[in-house]
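What follows is the residue order along each chain.
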Amino acid sequence: MTLFETTVRLVPRLTLLLLIVPVAAGLAGVVAPAFGWLPALGGERWTLAPWRALAQAPGLPDMLRLSLVTGLASSLAALAIVVLFLGAFLDSRLFHLVRRLLSPLLAVPHAAAAIGLAFLLAPSGLASRLISPWASGWTQPPDYLFPGDPAGLALIAGLVLKEVPFLLLMSLAALPQCQAAERLQVARALGYGRLNAFTKAVLPGLYPLIRLPVYAVIAFATSTVEVAMILGPSTPPTLAVTVVRWLGDPDLALRFQASAAALLQLGVTALALLMWWLTERLVAWLAAGWLENGQRRRGERLGRGFGAGLTGLAILLLGASLAGLALWSLAAWWPFPAAWPSPMTLDTWRAAADTAPRPLAHTASLGLAATLLAVALTIGCLEAETLRRRALRPGTQLILYLPLLVPPVAFLYGLVQLQAQLGLTPGWPAAALGHSLFVLPYVFLSLAESYRRLDPRWGQVAAALGASRARTFWRVRLPMLASPIAVAAAVGFAVSVGQYLPTLLLGGGRLATLTTEAVSLASGGDRRLTAVYALGQLALPALGFALAGGLPRLLLRHRRPSP
Amino acid sequence: MPSRSPLRHAAHALLAPLLALTTLGTAMAEEAPLPEDWADIEALARGQTVYWNAWGGDAATNRYIDWAAGRLAEQFGVEVVHVKLDDTAAAVSRVIAEKSAGNVDDGAIDLVWINGENFAAMKRHDLLFGPFASRLPNLALTAPDEHPEVRTDFTLPTDGFEAPWGKAQLTFYYDADRVEAPPGGMIELLDWAQTHPGRFTYPLVPDFLGSTFLKQALIELVEDPSVLAEPTDGHDVEALTAPLWEFLDALHPYLWRRGRDFPASGPQLKRLMGDGELSLAFTFNPSEPAAAVAARQLPPSTRSYVLDGGTLGNVHFVAIPFNAAHKAGALVLANFLLSPEAQARKQDIDIWGDPTVLDMTKLTSEQRAAFDSEDDHPARLPPDAMGKLLPEPHPSWMEALEAGWRERYADDG
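Residues numbered from 1 in each chain as written. Chains lettered and ligands numbered in written order. Predicted model: local features only at pLDDT ≥ 70, side-chain atom pairs only at ≥ 80, totals over all residues.

Peer 1: Whenever I open this one, helix α1 (residues 3-34) of chain A confuses me. Can you help?
Peer 2: Residues spaced three or four apart along an α-helix point in a common direction, a consequence of the helix completing one turn every 3.6 residues. Residue and element names in this part refer to chain A. For α1, which comprises 32 residues, the first-to-last C-alpha distance of 47 Å matches the rise-based estimate of 46 Å (1.5 Å per residue) to within 8%. For α1, every residue scored as buried is listed here: V8, P12, T15, L19, P22, V23, G26, G29, V30, P33 and A34. Looking one or two residues past α1, G36 carries a phi angle of roughly 95 degrees, positive in sign. (Helix = DSSP H or I, 4+ residues; strand = E, 2+ residues; numbered from the N terminus. Expected span 1.5 Å × (residues − 1). Buried ≥ 20, exposed ≤ 12 C-beta atoms within 10 Å, placed from the backbone.)

Given below as structure tokens:
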């Protein structure tokens, strides 16, 4: 075996190690305190007391219900919107427009989108200002409970906004693999309407390919902290928010109970996934007859209307949220009900420009390092598949998505414990490794299908010409995949830029990034400065996506056949 | 601050990780006991980098810390890194993790800005270094013997495990364009809320400021406030706190969002005032309303006042974790923060506006002059309007109130 092959074959194992060790160690770090063991706080006896305290916490049933309902409802809504949109508009003009908007929308970090949405829809928000006082008669903001409504509708809306672009991107990558175009053609030839053709002929093939991303969305939605803090209710909040609150309570005894709650959170996420999986079975069983009932146009127009309306609404809300942030970043004193800040000022941007270079550099260096590592490992894993001529085992694939499926609040604090145990200095290397933990699954999700789809005959032609496997990889496969690799890297970079807890905890707080600054400023009251940092948070990944679009073409221009 | 070009900043930040990689794994430095003499401590501190963990939610405070960092580099050759937290608990978590892992002399945190609750918890679990306050030459300027508040935090003696940094007094503020006569006490507040429904609220308990509101209300509503100075043990907590819960039961339907949702913190309370959703709010920093008007976050018609019967007040502190890697540097920084230069700048309304802990009689007339301000910002409480300072109840009362609140209102959705 050549050095190249040996190295490549080692990569999957190395990757698994990188993913399993921190997650498992992190979980172990919360299991012990959950059962009373934390000598630093005087816990030197195994006990079930933390669980008893948790069971008696006021509002626990509501927290659980809230986490489950918002997580499942938002995932379902996001998936429905994506399916309706693809079904009704695949390859139409609207479709290509949305496709172009996709990358920038994906670049919006969750927290920034949530802050923007909160400002848009709050009683004193942009929407209410636009109709006040001329239409609503409000000279002072009304007092309605949104966002933060007890049912979690605002939270669901915020999650849907961010998950639609993600699921859309994942679906677009999977469509060619399930031969969507051919299936559509056949169904259309048999007289099926667009939407019916898609849901009956394409969706059954598409869904298995996007199942893991959907699971990742459910796991995220049931355990998100940032979004739920900004848009969710407070009495009581979701379970994940409660975990963070208890971990942050000055009463250190609450940490035992918080660890138990973190494990419970893991259970909630698992339960949500199980419920979804059961529903999948049920739907597949119920839909069997429907698939073959031969109806070709039922619900066509309604579905198209919903598809267009909901996608448009999602894009509009996200766009308006960002516009609101931009306005706040330029605002001086901006009282209700003025819909336009006047006078406008660049003061906030100037103030930020003085302090931003260092966080900016940290954000960029962490993002680049984590992305580079994640892309290298992903390509190594996928190339190992090519060498072995079979895909990774399902168990292995599941582990790849472990950091997405296990709620970060459940293992990050334990990870800090491990870091301290090993005497690793908190700082840049630890934070970069922590970032790659979360970046890797997304890069893998984004790249795997394109990589696997690459026609193996290219490699065979190269081999027939006498090229070694290493040479085939470097000179043929890699350049042909430059574009999807660049997009995957951009996705990974965006994920890294948005990381808050890993940066703060593993960096020992010493690494200020745009996101840590934005979140700590959001804990203060100044929406203007928060807006500037949120926009900065958005600009960097957007730049990444722009580069991903242009760079491969530029680098490989000499490879194009001359006209 | 010495002006360094942004590019150099960026280059430094890009290089720092590479350097960190190369030094990773070098042996931990053996810790020598700190020298007795202050001059030796200053000498030891030279060249150290002090990681100061402090809440980073306020731009004015951040700029002040930035200034202090610059001064320390100039005067003492100590580099100060402000670790901006959204919650001090993150720092506490790290110290706990380090202690669990047996890291006793190479902690990541050197100095932490801390509130009374966190202090009490950290001290109880032996997570702090000290006593150190009496070593600081500038501590004498606070006249600690005459001002017990600079050596008690939350009624607990600090025993030298904290150095005072600034002062706070619960101060109410309102929008004068909308409110003619703001309520002067808790009973009046209830009346006011009934005529102005939805225009007042308090931060979610157990946020520091939210719990303070409960304590303030309890002091006013309890028949004999003197029992609050004693621990709850031996008192009928249920009976003594009953008037408070009655008051809150009556008040909640008239709060912002009918008391079904609460802002997470004091700063969010301020933001709701800025948005016009509230007409009356309160803060722990008496100059915050004026500073916020200057920063265009609150309406120009904002006015401040203190309740008729006086309000709670206390002092805030900095502390050093037991395993801080750079204790000498942390001491030098804590001492600098108590210097007349640093305290005068901190009190300046244009910089931060946090009241000083120094006793003016201990200063030379020159030093005193720096504290005089000719500012008469209308949103600011005139110094002579500061009402009676009420003492904090014993911490066990706060715990009882937080538990009682959680039981009654935490599931109100």
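Structure's up, so let's keep going.
Peer 1: Just to check I follow, could you spell out the confidence of the model for chain B for this structure?
Peer 2: One rule of thumb: low pLDDT means the predicted coordinates there are not for detailed reading. Residue and element names in this part refer to chain B. The share of residues in chain B with pLDDT of 70 or more is 89%, and the mean pLDDT across the chain is 86. Looking across chain B, the model is least confident in helix α1 (residues 6-23), with a mean pLDDT of 40, and most confident in helix α11 (residues 327-337), with 97. Taken together, the stretch residues 1-31 has pLDDT below 50 and engages in 28 contacts with residues farther than four places along the chain or on a different chain. As scored by the predictor, the complex reaches a pTM of 0.87 and an ipTM of 0.85. (pLDDT = per-residue confidence, 0-100. Contact = placed C-beta atoms within 7 Å.)

Peer 1: Any chance you could explain the domain arrangement of chain B here in plain terms?
Peer 2: Much of the literature gives interface size as the accessible area that the parts lose upon coming together. Residue and element names in this part refer to chain B. Structurally, chain B comprises domain 1 (31-167 + 314-375) and domain 2 (169-313 + 386-409). Domain 1 and domain 2 are separated by 28 Å when their C-alpha centres are compared. Split by residue class, the side of domain 1 that touches domain 2 holds six nonpolar, five polar and one charged. (Domains from an automatic or database assignment. Nonpolar A, V, L, I, M, F, W, Y, C, P; charged D, E, K, R; others polar.)

Peer 1: It is not clear to me how the pairing of strand β10 (residues 311-319) of chain B should be interpreted in this structure. Could you clarify?
Peer 2: Successive residues of a regular strand alternate their side chains across the two faces of the sheet. Residue and element names in this part refer to chain B. The element β10 is largely enclosed, with a buried count of eight among its nine residues. Of the pairings in the sheet, the one linking strand β3 (residues 111-114) to β10 comprises three bridges and is antiparallel in character. Each residue of the ladder has a partner; that of V112, found in β10, is A319. Relative to β10, strand β6 (residues 163-169) is paired through six bridges, and the arrangement is antiparallel. By the bridge assignment for β10, P164 is matched with F317. (Pairing = 2+ DSSP bridges.)

Peer 1: Any chance you could explain the packing of helix α4 (residues 93-107) of chain A against helix α7 (residues 153-174) of chain A here in plain terms?
Peer 2: When two helices pack together, their arrangement is captured by the angle between the axes and the distance separating the axes. Residues and elements named next belong to chain A. At their nearest, the axes of α4 and α7 sit 9 Å apart, and the two run at 130 degrees to each other. Between α4 and α7, the angle is such that the two are oblique. Judged by the twist between their axes, the crossing of α4 over α7 is left-handed. Facing α4, whose interface residues are R99, L102, L105 and L106, α7 presents P165, F166, L168, L169 and L172. A class-by-class count of the residues in the contact of α4 with α7 yields eight nonpolar, no polar and one charged. (Axes fitted to C-alpha atoms, helices over the stretch in contact; angles between N-to-C directions. Parallel < 35°, antiparallel > 145°, perpendicular 65-115°, else oblique. Left-handed = near helix turned anticlockwise from the far one by under 90°.)

Peer 1: Would you take a moment to explain the UniProt feature "domain: ABC transmembrane type-1" (unreviewed entry) in chain A for this structure?
Peer 2: Sites flagged by UniProt as "domain: ABC transmembrane type-1" (unreviewed entry) map to residues 64-275 and 362-556 of chain A. Measuring from the first to the last C-alpha atom of residues 64-275 of chain A gives 14 Å, for a span that is 74% helix and 0% strand. (UniProt positions renumbered as here; feature names shortened; annotations may be inferred.)

Peer 1: Where do I start with the pairing of strand β8 (residues 280-283) of chain B in this structure?
Peer 2: All names here are of chain B. Here β8 shows a buried face lined by L280 and F282 and a second buried face lined by A281 and T283. Bridge count between strand β7 (residues 171-175) and β8: four bridges; the pairing is antiparallel. Bridging across to β8, Y174 finds its partner in L280.

Peer 1: Before we go on, may I ask you to explain the interface of chain A and chain B in this structure?
Peer 2: Counting residues at the interface gives 63 residues for chain A, matched by 64 residues for chain B. Those elements that place two or more of their residues in the side of chain A that touches chain B are α15 (357-388), α18 (408-422), α19 (428-453), α24 (514-522) and α25 (527-555) of chain A. For the side of chain A that touches chain B, the residue count by class is 32 nonpolar, 22 polar and nine charged.

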